[in-house]
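Structural characterization, general
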Amino acid sequence: EVPLAAFLEAHFATFRADLDSILAHEGLFDHLRELERNAEGLSVWPPGTRKHIELADLREDEPWKEQLCHFAASTCALLRGRPEVAECPRAAVMVARLG
């Protein structure tokens, strides 16, 4: 068993609830996405098939995007404590939306 995978699966309902809360507001996901545009989201084919909200990028001056974590507070709170994120200086946390 991979510890991070088990953690993510155990907290799926929490992650999904945060995402559903964002999706319940027309256009909010795309608005949040625009606040922290990232090159990773531009490298998919066909274009526009994957969108993501960047909640954290530990390489940056503001590692946790508080403005975005406001809308996914439970997700951010859970992931902040994970050593795979907290102890990795190149870690990033994103919520991806496919399709």
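You'll find the structure just up there.
Notes on the structure follow. The numbering scheme is per chain: residues are counted from 1 as the chain's sequence reads. With the structure being a predicted model, the display of local features is reserved for residues of pLDDT at least 70 and the display and counting of side-chain atom pairs for 80 or more, all residues being used for whole-chain, interface and lining totals. The basis for the side-chain values is all heavy atoms of the structure; hydrogens and waters are excluded.

Focus: the layout of surface pockets
Think of a 1 Å grid over the protein atoms and nothing else: a 1.4 Å probe that fits but is trapped marks a cavity, an open set flanked by protein within 12 Å on at least five of seven lines marks a pocket, and residues with an atom within 4 Å of a point count as lining. Grid points are joined across faces, edges and corners, and a volume is the space filled by probe spheres set on the points. Each pocket or cavity is described by its volume, and for the largest pocket that value is around 470 Å³. Leu8, Phe15, Leu79, Met94 and Val95 are, among the 20 residues lining the largest pocket, the residues nearest its centre. Sort the elements by how many residues they give to the lining of the largest pocket and helix α2 (residues 12-23) lands first, with seven residues. Gly is put with the polar residues, along with every residue not named as nonpolar or charged; the nonpolar set is Ala, Val, Leu, Ile, Met, Phe, Trp, Tyr, Cys and Pro, and the charged set is Asp, Glu, Lys and Arg. Tallied by class, the residues present in the lining of the largest pocket amount to 15 nonpolar, one polar and four charged. Secondary structure elements are taken from DSSP: a helix is a run of H or I of four residues or more, a strand is a run of E of two residues or more, and numbering for both begins at the N terminus.

Looking at the nonpolar core
Only buried Ala, Val, Leu, Ile, Met, Phe, Trp, Tyr and Cys residues count toward a nonpolar core, and they belong to the same one when joined by side-chain atoms within 4.5 Å. Categorising residues by exposure relies on relative accessible area from a 1.4 Å probe, with only protein chains included: less than 20% of the type maximum marks a residue as buried, more than 50% marks it as exposed, and the intermediate range marks it as partly exposed. Of all hydrophobic cores here, the largest spans 19 residues; its most connected members are Ile22, Leu32, Ile53, Leu55, Trp64, Leu79 and Val93. Among the elements of the structure, α2, α3 (28-35), β1 (50-57), α4 (66-69) and α5 (73-80) are those that each provide at least two residues to this core. With near-sequence residues (within four places) excluded, Trp64 lies in contact with Leu55, Ala56, Leu58, Cys69, Cys76, Leu79, Arg80, Val85 and Val93. Only heavy atoms enter the contact rule, under which two residues are in contact if any of them lie within 4.5 Å.

A few points about the packing of α2 against α3
Where α2 contacts α3, the two axes come as close as 7 Å, and the packing angle between them is 105°. Accordingly, the angle class assigned to the pair α2 and α3 is roughly perpendicular. Residues Leu19, Ile22 and Leu23 of α2 lie in contact with α3, whose contacting residues are Leu28, Phe29 and Leu32. When the residues that make up the contact of α2 with α3 are grouped by side-chain class, the tally is six nonpolar, no polar and no charged. Each axis is a line fitted through C-alpha atoms, taken for helices only over the stretch in contact, and angles between the N-to-C directions span 0 to 180 degrees. Note on terminology: angles under 35 degrees are roughly parallel, angles over 145 are roughly antiparallel, angles of 65 to 115 are roughly perpendicular, and the others are oblique.

Observations concerning α5
The set of residues buried in α5 consists of Thr75, Cys76 and Leu79. Buried residues along α5 cover an arc of 95° about the axis, so they all sit on one side. Looking at the packing, one finds that the buried side of α5 touches α1 (3-10), α2, β1, α4, α6 (83-86) and β2 (92-98). Think of it as the arc spanned by the lines of direction from the helix axis to the C-beta atoms.

Description of the environment of Ala92
Relative to the elements of secondary structure, Ala92 occurs in strand β2. Spatially, the C-alpha atoms of Ala92 and Trp64 are 9.0 Å apart, while their sequence positions differ by 28 residues. Those residues in contact with Ala92, other than ones at most four positions away along the chain, are Ala56 and Asp57.

Points about the packing of aromatic side chains
Geometry of aromatic contacts follows a simple scheme: Phe, Tyr and Trp rings, the Trp one being its six-membered ring, pair when their centres are within 6.5 Å, and the pair is stacked under 30 degrees between planes, edge-to-face over 60, tilted otherwise. Tallied over the entire structure, the rule returns zero aromatic pairs. A cation over a ring is seen here: Arg82 above Phe7, with NZ or CZ 4.5 Å from the ring centre. Sitting over the ring of Phe29, Arg97 keeps its end group 5.4 Å from the ring centre. Any Lys NZ or Arg CZ that is within 6 Å of a ring centre and within 35 degrees of that ring's normal is treated as a charge sitting over the ring.

With respect to the pattern of salt bridges
Basic side-chain nitrogens of Lys or Arg form a salt bridge, by our definition, when they fall within 4 Å of a carboxyl oxygen of Asp or Glu. Under the defined criterion, the tally for this structure stands at seven salt bridges. For the salt bridge of Arg16 with Asp20, the shortest nitrogen-to-oxygen distance reads 2.8 Å. Taken as a pair, Arg16 and Asp20 lie in helix α2 at a separation of four residues, close to a single helical turn. Residue classification places Asp20 among the partly exposed residues on the basis of a relative accessible area of 34%. A salt bridge links Arg33 to Glu34; its shortest N-O distance comes to 3.5 Å. On the accessibility criterion, Glu34 (44% relative accessible area) is partly exposed.

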